[in-house]
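A look at the structure
Here are the chains, one letter per residue:
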Amino acid sequence: MQIMHKTAVLISFCMAFCLITAFSYAQSGTSKDYPIQPVSFTKVKLTDNFWAPRIKLNHDVTIPIALQQCYITGRVENFKIAGKLTKGKFQSEYPFDDSDIYKIIEGASYSLQTNPDPYLEKRIDTLIYYIGLAQEPDGYLYTNRTIDSLHMHPWVGKKRWENDPVLSHELYNLGHLYEAAYAHFLATGKRTLLNIAIKSANLVDHDFGPGKLSYYPGHQVIEMGLAKLYRITNEEKYLKLSKFFLDCRRGGSEYNQANKPVIEQDKIVGHAVRATYMYSGMADVSALTGEVAYKNAIDKIWEDLLKTKYYITGGIGSGGDNEGFGAPYYLPNMSAYNETCASISNVMWNFRMFLLEGDSKFYDVLERTLYNSLLSGISLSADHFFYPNPLESQGQHSRSTWFGCACCPSNICRFIPSMPGYVYAQKGDDLFVNLFVNSTANIVLNGKKVVLDQKTDYPWNGKVEFTLKPEKAGKFNLMIRIPGWAQDQAVPTDLYHFSKKSTNPVTLTVNGKAYQYILKNGYAQVEGNWKSGDKVILDLPMPVREIVANEKVKADIGKVALQRGPLVYCAEWPDNKDGHVLNLLLNQNSSFTTEFRPQLLNGVTVIKSEVTSASWTKDNKIQESKGELVAIPYFAWANRGAGEMSVWLANQKSASKPLPAPTIAYTSKISASTKSKALMALNDQVEPENSNDHNVIYYHWWPKKNSLEWIQYDFAKAEKVSSSKVYWFDDGPFGGCRVPASWRILYKDANGSWIPVKNITGYGVDKDKRNEVKFEPVETAALKMEIQLPKDNASGMYEWSVK
Ligand SMILES: [Zn+2]
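Residues numbered from 1 in each chain as written. Predicted model: local features only at pLDDT ≥ 70, side-chain atom pairs only at ≥ 80, totals over all residues. Heavy atoms only, no water.

Take the overall build of the protein chain next. Within the protein chain, the secondary structure is distributed over 15 helices and 31 strands. The C-alpha atoms of the protein chain give 28 Å as radius of gyration, which agrees with the globular expectation for 803 residues (28 Å, within 12%). Its C-alpha atoms put the protein chain at 90 × 70 × 50 Å along the principal axes. When burial is assessed residue by residue, the protein chain has 60% of its 803 residues classed as buried. Considering only contacts in the protein chain between residues 6 or more positions apart, those separated by 24 or more positions represent 71%. (Helix = DSSP H or I, 4+ residues; strand = E, 2+ residues; numbered from the N terminus. Rg over C-alpha atoms; globule rule 2.2 N^0.38 Å. Buried < 20%, exposed > 50% of the residue type's maximum accessible area, 1.4 Å probe, protein only. Contact = heavy atoms within 4.5 Å.)

See the structure below:
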């Protein structure tokens, strides 16, 4: 209590200091920085029905949940034990768990600006007190080692830092600490966390650098954190250290972008979050040092992303095996990884690219990711989270309340309340309007005070009314972003395009009169000698647009995606016939209508169209029926239970997937020795390309091995059966699953006993095909398959059919 009291007394002094610092940073601050400066989130008050309620829910629900989880899972306890307040072993699962606390403090700091909350402030002060105690006298901060240096996590090296290039995450944790310290200081004026961060950074600077340790961080983020510490302290050594951590990357793998010097990199590769945190750091260092080599490299990397590896939802990172980028144009939908953290870091990166170069294309990407893939990461109730954000589902996906590796929820905590900071930016007399949101902003532009109101119902309606209220009449330029989607450009490359040209032009009026604007880097330059009450009205027409992917994207051939304004849509099971959407076929020349439904998913505009549903009959024919498609914004999917969902919808027969035929297997009830949603794979009649096809759902027993497992089909009625086919999953010598050691089929007799069938052919274990077994006919209501797992592996399967 004593400590709290002293802190409280210090606030008023620090607050005054902080405001001066925060104010002068944008004006002069460090000698070099981004040519365009953001308008701080503290200057923009959102009054809309879309973002403001999300920021409030993040404050009221997400941050408290994250804090509670950090207490339950031992993340907080780790700091208390390291600080010798209590005794015990390292409590949580991973050595990077410290970072979740830092990210929550960062989020809470932002959030306290819009939602003053003395209780939350106290909880944050308590955490900072624990962090301070856990810091070793020389500044080292890493609870896993401090708690017990003899019994550390297997990822941690015996010596400090030595395993950081691999997995210890010592520097990663500190990157998040510095980011949190920056936000906490700016938001509250308290130096408590900043002092801890400075002490830590001084140690890192003491240990790393030319002639000292030359390891590169295994998981980037400290580069951005150090840039922020430099901005706030003006200590050049932090900037140099940030640059050093970038420049020493080489001789490693693509996974963490250490395959070659960063300034020579030109392709987007490896782990998506590591990559985009690093590019953000490169943008920071480029801005702060004026060194263009970093900028040139990230320009090329950005082109590569937008040309070959960007999902239409704005998600990035197609593969789960490396949580990152795959081959060019490899953009599978159901197995799309698109980690929530990667959406957040992609927003951070594109934000910096804009500040560096002033081109609206970066905001087009930012907006697409923000409104679609990023928002999908959290439920409408703000208490369930997605780690991957796929573009298609058979019903195997649902959000979780928390994860063992909790990077995504804690990243949501810090991102959502920072959103107002992305709306405006400024450079001299130019005021950039980047996002459209009902709000009031207080901006100081070249020494002139301006209040700017936006009245809009975006993203549901593209009309935006700006009211300018300069303190004194004067000249300046409104630079209003005209989104690519409003100018017939789905993305700034040929990866996706709209199927038809729009016939509705963008219009702009100034005080009621049409204004012919010039487009400058994608911004409508609206010059004026503005006086209070002047009005600028922008109208961005929002027809429903069909998007077609580049033909090199195999997964999207014969399909279209729907977009209206910045929102990408999906068809989801509750709104469509019999709960199915994967079997829908749009007309080649579809017409669309829209309707705002205030009761649906907190109020969304739906898209409707005529559609054909297809299904296989028992005798291998396709049966079709006409019906209505109802599509919802992608961000709002998976809020009504698990079921089918698809962003890409077939509009060519070759791409449509008729519903499975009502076979014995399809109408059976499935049970198994290991319960899993993936059991739905066994009778979905979706054939994989081979036994290691991750784009098709499969069932497996991993991490079990050497055990006897079973799967059972209870038929809808008694059937006479005499053969069965099974397609094995096998992900090779480096995977966890191989074909089984052996297997057999049993049937249930009239007494309910399981009797092995008398097989006529062998029980095959061939890969890449269906293995058929024929047996003497039996009349039964249930079949069971027994599978003996290999000695050192699990097994799995895609399909099990019965005839
Ligand atoms: Zn994550």
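Inspection of the entire model under this criterion finds 41 salt bridges. In this structure, Lys535 engages Glu465 in a salt bridge whose closest nitrogen and oxygen atoms are separated by 3.6 Å. On the criterion of sequence distance, the pair formed by Lys535 in strand 15 (residues 534-539) and Glu465 in strand 8 (residues 463-470) is long-range, its members being 70 residues apart. The partner of Lys769 in a salt bridge is Asp766, and the shortest N-O contact between them spans 3.3 Å. Residue Lys769 is classed as partly exposed on the basis of its relative accessible area of 40%. Judged by its relative accessible area of 39%, Asp766 falls in the partly exposed class. Members of the salt-bridge network, linked through shared partners, are Asp33, Arg231, Asp284 and Arg352. (Salt bridge = Lys/Arg side-chain N within 4 Å of Asp/Glu carboxyl O.)

To continue, consider unusual backbone geometry. The linkage connecting Tyr458 with the following residue, Pro459, adopts the cis geometry, with an omega of 5°. With respect to the secondary-structure elements, Pro459 resides in the loop between strand 7 (448-456) and strand 8. Even without being a glycine, Gln257 presents a positive backbone phi close to 55°. Mapped onto the secondary structure, Gln257 falls in the loop between helix 10 (236-247) and helix 11 (272-289). Given a relative accessible area of 0%, Gln257 falls into the buried group. Located in the positive-phi region is Ala638, a residue other than glycine, with phi close to 60°. Position of Ala638 relative to the elements: it lies in the loop between strand 22 (622-633) and strand 23 (645-646).

With respect to the secondary-structure elements, Thr503 resides in the loop between strand 10 (496-498) and strand 11 (507-510). Separated by 15 residues in sequence, Thr503 and Asp488 place their C-alpha atoms 9.7 Å apart. Here the side chain of Thr503 touches Asn504 through a polar contact of 3.1 Å, side chain to side chain. (Polar contact = N/O pair within 3.5 Å; in protein donor to acceptor, adjacent residues only side chain to side chain.)

Turning our eyes to something else, we now look at the pairing of strand 6 (residues 439-445). Each regular strand displays side chains that alternate between the two surfaces of the sheet. Alternating residues of strand 6 divide into Ser439, Ala441, Ile443 and Leu445, all buried, and Thr440, Asn442 and Val444, none buried. One ladder, built from three bridges, connects strand 2 (residues 44-46) with strand 6; its direction is antiparallel. By the bridge assignment for strand 6, Leu46 is matched with Ser439. Sheet topology note: the strand 6/strand 7 ladder contains seven bridges and is antiparallel. Residue Ala441 lies in a different strand from strand 7, and its bridge partner there is Leu452. A loop of two residues connects strand 6 with strand 7, the two strands running antiparallel in sequence, and Asn446 in this loop sits at a positive phi of about 50°. (Pairing = 2+ DSSP bridges.)

Here we come to the environment of Val269. Note on placement: Val269 falls in the loop between helix 10 and helix 11. Taking the relative accessible area as the measure of exposure, Val269 reaches 11% and is therefore buried. Each C-alpha atom, one on Val269 and one on Leu305, is 9.2 Å from the other, the two residues being 36 residues apart in sequence. Dropping the residues within four chain positions of it, Val269 is found in contact with Glu254, Gln257, Ala275, Tyr279 and Phe325.

This part is about the coordination of the zinc ion. Every protein donor of the zinc ion is accounted for by Glu339 (OE), Cys341 (SG), Cys407 (SG) and Cys408 (SG), and the metal-donor separations fall at 2.1 to 2.3 Å. Note that the zinc ion binds four donor atoms; their angles at the metal cover 97 to 119°, and the shape is tetrahedral. Mapped onto the polypeptide sequence, the residues donating to the zinc ion form the spacing pattern E-x1-C-x65-C-C. A residue pair is termed long-range when its members are at least 10 positions apart, and Cys341 in helix 13 (residues 340-357) and Cys407 in helix 15 (residues 407-415) qualify at 66 residues. (Donors = N, O, S within 2.8 Å, 3.2 Å for Na, K, Ca; no water. Tetrahedral: all angles 85-135°; square planar, octahedral: opposite > 155°, others 65-115°.)

So, on to the sheet that holds strand 6. Spatially, seven strands are ordered 2-6-7-8-15-11-12 in an open sheet, and the strand pairing comes out antiparallel. Edge positions in the sheet fall to strand 2 and strand 12 (513-514), since each has one partner strand and no second.

Bridge count between strand 25 (residues 669-672) and strand 27 (residues 708-729): four bridges; the pairing is antiparallel. Within strand 27, the residue paired with Ser671 across the bridge is Gln712. When strand 27 meets strand 30 (residues 770-788), the two strands line up antiparallel, connected through 15 bridges. Across the sheet, the residue bridging to Leu708 is Gln788, located in strand 30. Direction of pairing for strand 27 relative to strand 31 (residues 796-802): antiparallel, over a ladder of six bridges. Directly across from Val726, in strand 31, lies its bridge partner Trp800.

Time to look at the packing of aromatic side chains. Considering all chains together, one arrives at 43 aromatic pairs under this definition. Geometrically, the ring pair formed by Phe354 and Tyr363 is edge-to-face, given 5.2 Å between the ring centres and 85° between the ring planes. Both residues of the pair, Phe354 and Tyr363, count as buried. Considering the side-chain rings of Phe436 and Tyr458, the 5.3 Å spacing of their centres and the 65° angle between planes classify their relative orientation as edge-to-face. One end of the pair, Phe436, is in the loop between strand 5 (430-433) and strand 6; the other, Tyr458, is in the loop between strand 7 and strand 8, with 22 residues separating them in the sequence. With respect to burial, Phe436 and Tyr458 carry one shared label: buried. Here the guanidinium or amino end of Arg191 rests over the ring plane of Phe185, the centre of that ring lying 5.7 Å away. Its end group placed over the ring of Phe498, Arg545 keeps NZ or CZ at 4.0 Å from the ring centre. (Phe/Tyr/Trp six-rings, centres within 6.5 Å; stacked < 30°, edge-to-face > 60°. Lys NZ or Arg CZ within 6 Å of the ring centre and 35° of its normal.)

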